[in-house]
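Structural features, examined
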Amino acid sequence: MKFCNMAVVVPVDQLTGSKAALSAQVWGQVSNLLMPALGKLYRQFHPANDAWGHKLTSPFGVVLGCQEPELFLTLFLAGQQTQQEAAAFHAAAMIKKVDMDKAQKAGDSLICPVVVDGSDPELMIHALWHISLQKGAPLPDCGIYYAALGRAVASQEEQRAILSNPAGYALCVVRLSPEVEKDDCI
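Summary of the structure given here. (Residues numbered from 1 in each chain as written. Predicted model: local features only at pLDDT ≥ 70, side-chain atom pairs only at ≥ 80, totals over all residues. Heavy atoms only, no water.)

Counting its regular elements, the protein chain contains four helices and nine strands. Along its sequence from the N terminus, the protein chain presents helices and strands in the succession β-α-β-β-β-β-α-β-β-α-β-α-β. Expected size for 186 residues packed as a compact globule is a radius of gyration near 16 Å; at 18 Å, the protein chain falls within 12% of this value. Counting only C-alpha atoms, the protein chain reaches 60 × 40 × 25 Å along its principal axes. Out of the 186 residues in the protein chain, the part that is buried amounts to 40%. Excluding contacts between residues fewer than 6 apart, the proportion of contacts in the protein chain whose partners are at least 24 apart in sequence is 71%. In the structure as shown, the protein chain presents an accessible area of about 10000 Å², 56% of it carried by carbon and sulfur atoms. (Helix = DSSP H or I, 4+ residues; strand = E, 2+ residues; numbered from the N terminus. Rg over C-alpha atoms; globule rule 2.2 N^0.38 Å. Buried < 20%, exposed > 50% of the residue type's maximum accessible area, 1.4 Å probe, protein only. Contact = heavy atoms within 4.5 Å. Areas by Shrake-Rupley, 256 points an atom, 1.4 Å probe, with all protein chains shown as cover.)

Spelled out as structure tokens, the structure:
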């Protein structure tokens, strides 16, 4: 079965209790976040036991930045890398559909018009992925999701705030099974 890992970043400053209690609270927030898209964007989700070559032994796939800062940062960066690879995959698939004869240069940028009207289902899927990512959908292959922000994309400033204070955050690594099997998920 194909699946995708996603690291969900959750602030822990309002949470209290033991490590197990914190993990349960983080898992509860992540479950509430993912439930609305269940059956729409993915068939199922569950805590990951491993992700991106790292074994996870914490309950619910939760890594507390205050207790395991190195693993937290490693998984945070792996989630970002996965997102960059997914974005590149979807962008490359869209670029293949571009009619370069209609491309225009505007300053240092190359503008390539693409008509997304449903006549090309593959183009439509890749365009919708980019739009959905920007709108905040927890897509199976988005790699990382920022629960407090309600989106998968964070500014450099927002990312720096997390990287400079891992103790203020937890990562919950979930395994999502896409609704439609895809070769780009591992």
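What follows is about the packing of aromatic side chains. Each aromatic ring pair is summarised here by two numbers: the centre-to-centre distance and the angle between the ring planes. Inspection of every chain in the model, using the stated rule, returns five aromatic pairs. Following the ring pairs from residue to residue traces out a cluster consisting of Trp27, Tyr42, Phe45 and Phe60. In this structure, arginine 175 packs its charged tip against the face of phenylalanine 3, placed 3.9 Å from the ring centre. (Phe/Tyr/Trp six-rings, centres within 6.5 Å; stacked < 30°, edge-to-face > 60°. Lys NZ or Arg CZ within 6 Å of the ring centre and 35° of its normal.)

Attention shifts here to the side chain of arginine 175. You can see arginine 175 is positioned in strand S9 (residues 169–178). Only 2.8 Å separates the side chain of arginine 175 from the backbone oxygen of aspartate 50, close enough to count as a polar contact. Among all residues touching arginine 175, those that are not within four sequence positions of it are Phe3, Cys4, Asn5, Gln44, Phe45, His46, Ala48 and Asp50. (Polar contact = N/O pair within 3.5 Å; in protein donor to acceptor, adjacent residues only side chain to side chain.)

On to helix H1 (residues 19–34), then. Given a rise of 1.5 Å per residue, 16 residues ought to cover 22 Å, and the 22 Å separating the end C-alpha atoms of H1 matches this to within 8%. Structurally, H1 contributes buried residues whose contacts are with strand S1 (4–11), strand S2 (42–47), strand S5 (62–64) and S9. (Expected span 1.5 Å × (residues − 1).)

The phi angle at tryptophan 52 is positive, at roughly 50 degrees, despite the residue not being glycine. Tracing the backbone through its elements, the reader meets tryptophan 52 in the loop between strand S3 (50–51) and strand S4 (54–55). Overall, the relative accessible area of 26% leaves tryptophan 52 in the partly exposed class.

Remark: helix H2 (residues 69–95) packs on helix H3 (residues 121–135), axes separated minimally by 9 Å, with the N-to-C direction vectors making an angle of 145 degrees. For the element pair H2 and H3, the recorded crossing hand is left-handed. Seen from H2, the contacting residues are Gln83, Ala86, Ala87, Phe89, His90, Ala91, Ala93 and Met94; seen from H3, they are Glu122, Leu123, His126, Ala127, Trp129, His130 and Leu133. Within the contact of H2 with H3, the residues separate by chemical class into 10 nonpolar, four polar and one charged. (Axes fitted to C-alpha atoms, helices over the stretch in contact; angles between N-to-C directions. Left-handed = near helix turned anticlockwise from the far one by under 90°. Nonpolar A, V, L, I, M, F, W, Y, C, P; charged D, E, K, R; others polar.)

Scanning all chains against the criterion turns up three salt bridges. Linking glutamate 158 and arginine 151 is a salt bridge whose minimum nitrogen-to-oxygen distance equals 2.9 Å. Accessibility expressed as a relative area gives 24% for glutamate 158, which makes it partly exposed. We classify arginine 151 as partly exposed; its relative accessible area is 27%. (Salt bridge = Lys/Arg side-chain N within 4 Å of Asp/Glu carboxyl O.)

Right, let's talk about the state of the cysteines for a bit. Applying the stated criterion to the full structure yields zero disulfides. With no disulfide of its own, cysteine 66 lies 15 Å from the sulfur of cysteine 172, the closest cysteine sulfur. On the basis of relative accessibility, which here comes to 45%, the residue cysteine 66 falls in the partly exposed class. (Disulfide = S-S within 2.5 Å.)

Purely spatial values, then, with no claim about function.
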